[in-house]
Structure formats: C-alpha cells, structure tokens
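A look at the structure
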Amino acid sequence: MGNFLAGKVVAVTGAGRGIGRAVALACAAEGARVVVNDYGVSMEGSAPTSEVAEAVVKEIAAAGGEAVAVADDISTMAGGQRIVDVALARYGRVDGVVCVAGILRERMLFNMAEEEWDPVVATHLKGTFTVFRAASAVMRKQGGGTLIGFTSGNHQGSVAQANYSAAKGGIISLVRSAALGLHKYGVTANAVAPVARTRMSANVPMELAEIGEPEDVAALVVYLLSERARDEGITGQVYTVAGPKIAVWAQPRELRAAYAQGGAWTPERIAQCLPGTVGTDPMPMLARLEAMAEAAARGARPNA
Ligand SMILES: NC(=O)c1ccc[n+]([C@@H]2O[C@H](COP(=O)([O-])OP(=O)(O)OC[C@H]3O[C@@H](n4cnc5c(N)ncnc54)[C@H](O)[C@@H]3O)[C@@H](O)[C@H]2O)c1
C-alpha cells in the first residue's frame, strides 16, 4: 500500500468492473476510503444488479481497505446525490469523484433510434453532471476537491457511435467548465481518455495499436487525485493513457482568421476568401478511416 491518497475520501462510478474497478482498488491501496458505485448493468445498460459493486467492496476490505457500495443509477439526479450523501454520512467528506460509468449502443447515425441515443448520453454526460453537481457543492464549502471525468479518443468523432462520441465530447466541455467555474474554490477538474483491455474495448472491431490494462489508467487517476497533481495546478486537462503512454490533448484554439474587407461578409466574398486564407484543419480521423478502408480492401485486419 502506498500513501498517495492517505486520509482522502474518493467516490468512483462504474467501479464494479473494468477500469472503474481498477481505479477503486488503486485508490483504496493508496489510503483512500472509497465509495464504490456500480449499477451492475450489461454493456448496453440493462439488467442491473447490486452484486457487482458489493463484490469490489469485499475485495477492498479483504486487502485491508475501507469501502462502501452504492448500486444506484448515476444517470439520475438522485443517484448522483446519493453517492455524495453516502460519502458524507459514512466518511464525513468527499475529496475526489471519478466518473467512469458508461454503456455502448452502437448504430450508424442514419439508423440510430432515440432509445440508442438517450441512454448513452444520459449515462456518460448526464451521469458525469449528476455526480459533479452534487460533489462540487460540497467541495466548494470544503475549499477543495478533485473532479475526474472519463472521455475517449472517440470524442474526435466515430463512424458508428455518434451517441457515445457526442457524450464524450460533452464530458470534455463539462470538465473544462468545472475547471473554470470552481478554480477559485480550490477544485480541480480533468478528463482521462483511456485505452485498456475490458469488456468494452473487446467490442472494438479493429486491432488497437496502443492499449494497456485498467491498472495503467488507475495509476494516472490516483496521481490526478493526489496533492502532488493539485500542487502542480493541473486542471482543465485531457490525458490519454494507453499502457506505457500518457499524452496530453491540445486546448481548442482558433487556427486562422480572416476579416471582411470593403463591407460585410457575403456568400460570394466568403467563397473568394475562405479557401485560400482561413482554409480547413484536416481531420486526422478521416485520414485514418481512409487508411483502414485501404487495409481492409487488401484483406488486412485494419489497425487503429
Ligand atoms: N476500455 C477502453 O479502452 C475505453 C476506451 C475509451 C473510453 N473508455 C471509457 O472508460 C470508462 C470505463 O470503461 P470500461 O471499459 O471499464 O467499461 P465496463 O463496461 O467494463 O465498465 C463500465 C461499468 O459502468 C457501469 N455502469 C453502466 N451504467 C451505469 C449507471 N447508469 N450507473 C452506474 N454504473 C453504471 C457498468 O455496470 C460497468 O460495471 C467508460 O466511460 C468508457 O466509455 C474505455
């Protein structure tokens, strides 16, 4: 056991399986008391069971740590609130929340039903809001805390998971908003984009060039929750972690601008000016998609 999180109270959603479970175990091993939340659902979000969260609490206790299970659905305001209420009732404070819970409902955009859009956005994006909302109210009064959201490289766009991609992009904007809005209260907010072997990544149809284990992701999350990261002032960041690699994503910025000359913009003035001055920013995902299609046409298994 280390002491990166000694004395801290951390709540982790989706902590019954995969990356969330590794995060909960690592937080406990580093000295945190942990609220283990998991609704215990299938990858599509059905058939809930409380056994999944309880099993991880037993694992933590068996290793000498302290944890409590909450099997609520974090896509509800009541579920998000309960996680924080349980942390306060049981341990008296909440220093960190880590929103890992997620589901997948894959479908091409032109075939996607409301039943495939709503639950995915509700679990990822609203499920991060409900927990951030409840936790940040407490952290503001405490004068400090750490919020961590889970995004994905797919926030850049996705062929068959527009619902998931949109939710993951929304989480980045939510994290940046939390970083800005809570800075003066000593609360940091960051996002993690993992690539790790779990039941969810087993679903990806292509070979992933860079992938690791849930424990690799857990190490980064523990660091971000710790005073070491808080002392460095790390906030509003998006980090990829894939096995041995950790990478930081750029902040969105304007690339190039042009100003209307000789009067307001008209479609004709824009047509004359935009291609040669403002131009475009080529989409890396589109280039990768074309390379994958070429590989598939050669009969090779596409790499991503
Ligand atoms: N595994 C990867 O390579 C990868 C890549 C990119 C992003 N992610 C993200 O990382 C996170 C964890 O993914 P994973 O691979 O460990 O998935 P997983 O399916 O192994 O675990 C997700 C957990 O979330 C729980 N959950 C689902 N809906 C819930 C709800 N409403 N309330 C509470 N719990 C709920 C599930 O029961 C499950 O135990 C997800 O947000 C996922 O989108 C994973």
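Residues numbered from 1 in each chain as written. Predicted model: local features only at pLDDT ≥ 70, side-chain atom pairs only at ≥ 80, totals over all residues. Heavy atoms only, no water.

The subject of this paragraph is the domain arrangement of the protein. When the domains of the protein are assigned, the result is domain 1 (9–248) and domain 2 (254–304). One C-alpha centre belongs to domain 1, the other to domain 2, and the line joining them spans 33 Å. (Domains from an automatic or database assignment.)

Next up on the list: the nonpolar core. Counting 35 residues, the largest nonpolar core has Val 34, Val 36 and Val 98 as its most contacted members. Contributions of two or more residues to this core are made by β1 (9–13), α1 (18–29), β2 (33–37), α2 (51–62), β5 (145–150), α6 (214–225) and β7 (238–242). In contact with Val 34, other than residues within four places in its own chain, are Val 10, Val 12, Ala 24, Cys 27, Ala 28, Ile 60, Glu 66, Ala 67, Val 68 and Tyr 91. Formed by 32 residues, the second largest nonpolar core is a distinct cluster that contains Ala 11, Val 68, Ile 74 and Val 86. (Core = buried A, V, L, I, M, F, W, Y, C linked by side-chain atoms within 4.5 Å. Buried < 20%, exposed > 50% of the residue type's maximum accessible area, 1.4 Å probe, protein only. Helix = DSSP H or I, 4+ residues; strand = E, 2+ residues; numbered from the N terminus. Contact = heavy atoms within 4.5 Å.)

What follows concerns the site of the ligand. Surveying the vicinity of the ligand reveals 30 residues, the closest of which are Asp 38, Asp 73, Tyr 164, Thr 198 and Arg 199. The separation between an oxygen atom of the ligand and a polar main-chain atom of Gly 40 is 3.4 Å. Taken by itself the ligand offers 830 Å² of open surface, and the protein chains cover 96% of this. For the shell around the ligand, the secondary structure elements donating two or more residues are α1, α4 (114–142) and α5 (162–182). A breakdown of the residues in the shell around the ligand according to their chemical character gives 13 nonpolar, eleven polar and six charged. (Near = heavy atom within 4 Å. Polar contact = N/O pair within 3.5 Å; in protein donor to acceptor, adjacent residues only side chain to side chain. Areas by Shrake-Rupley, 256 points an atom, 1.4 Å probe, with all protein chains shown as cover. Nonpolar A, V, L, I, M, F, W, Y, C, P; charged D, E, K, R; others polar.)

Turning our attention to unusual backbone geometry. You will see that Ala 47, though not glycine, has its phi angle at about 60°, which is positive. On the basis of relative accessible area, Ala 47 is assigned to the exposed category, the value being 61%.

What follows concerns the sheet that holds strand β4 (residues 96–99). If you walk across this open sheet you meet the eight strands as β3-β2-β1-β4-β5-β6-β7-β8, and the pairing is mixed. The outermost strands of the open sheet, each flanked by one partner alone, are β3 (66–70) and β8 (245–248). Strand-to-strand twist of the sheet, defined as the mean angle between neighbouring strand axes without regard to direction, takes the value 20°. Strand direction decides the pairing type here: β2 and β3, joined by five bridges, are parallel. Directly across from Val 35, in β3, lies its bridge partner Val 68. Against the sheet, helix α3 (residues 77–91) makes contact with β1, β2 and β3, and its axis sits at roughly 145° relative to β3, the strand it touches most. α4 contacts β1, β4, β5 and β6 (187–194) of the sheet and is inclined by roughly 175° relative to β4. (Pairing = 2+ DSSP bridges. Axes fitted to C-alpha atoms, helices over the stretch in contact; angles between N-to-C directions.)

Before going further, it helps to examine the UniProt feature "domain: Ketoreductase" (unreviewed entry) in the protein. Taking the UniProt record as the reference, the feature "domain: Ketoreductase" (unreviewed entry) is found at residues 8–198. Spanning residues 8–198, this segment combines 47% helix with 17% strand, and its end C-alpha atoms are found 27 Å apart. (UniProt positions renumbered as here; feature names shortened; annotations may be inferred.)

Looking now at the packing of α4 against α5. At a closest axis distance of 8 Å, the pairing of α4 and α5 adopts a crossing angle of 15°. The angle between the axes of α4 and α5 places the two elements in the roughly parallel class. Every pair of crossing elements has a handedness; the one defined by α4 and α5 is right-handed. On the side of α4, the interface is formed by Glu 116, Trp 117, Val 120, Val 121, His 124, Leu 125, Thr 128, Phe 129, Phe 132 and Ser 136, while α5 contributes Ala 162, Asn 163, Tyr 164, Ala 166, Ala 167, Lys 168, Gly 170, Ile 171, Leu 174, Val 175, Ala 178 and Leu 182. Across the contact of α4 with α5, the residue classes break down as 15 nonpolar, five polar and two charged. (Parallel < 35°, antiparallel > 145°, perpendicular 65-115°, else oblique. Left-handed = near helix turned anticlockwise from the far one by under 90°.)

Right, let's talk about the pattern of salt bridges for a bit. In this structure the tally under the stated criterion is eight salt bridges. Between Asp 95 and Arg 93 there is a salt bridge, with its nearest N and O atoms 2.6 Å apart. The class of Asp 95 is buried, set by a relative accessible area of 10%. With relative accessibility at 33%, the residue Arg 93 sits in the partly exposed group. We note a salt bridge from Glu 210 to Lys 245, for which the minimum N-O separation is 2.8 Å. Of this pair, Glu 210 sits in the loop between β6 and α6 while Lys 245 sits in strand β8, placing them 35 residues apart in sequence. One continuous salt-bridge network, built from bridges that share partners, spans Lys 8, Glu 227 and Arg 230. (Salt bridge = Lys/Arg side-chain N within 4 Å of Asp/Glu carboxyl O.)

Following the criterion strictly, the structure yields zero disulfides and no others. There is no disulfide at Cys 99, and the cysteine sulfur nearest it, in Cys 27, is 12 Å away. Taking the relative accessible area as the measure of exposure, Cys 99 reaches 3% and is therefore buried. (Disulfide = S-S within 2.5 Å.)

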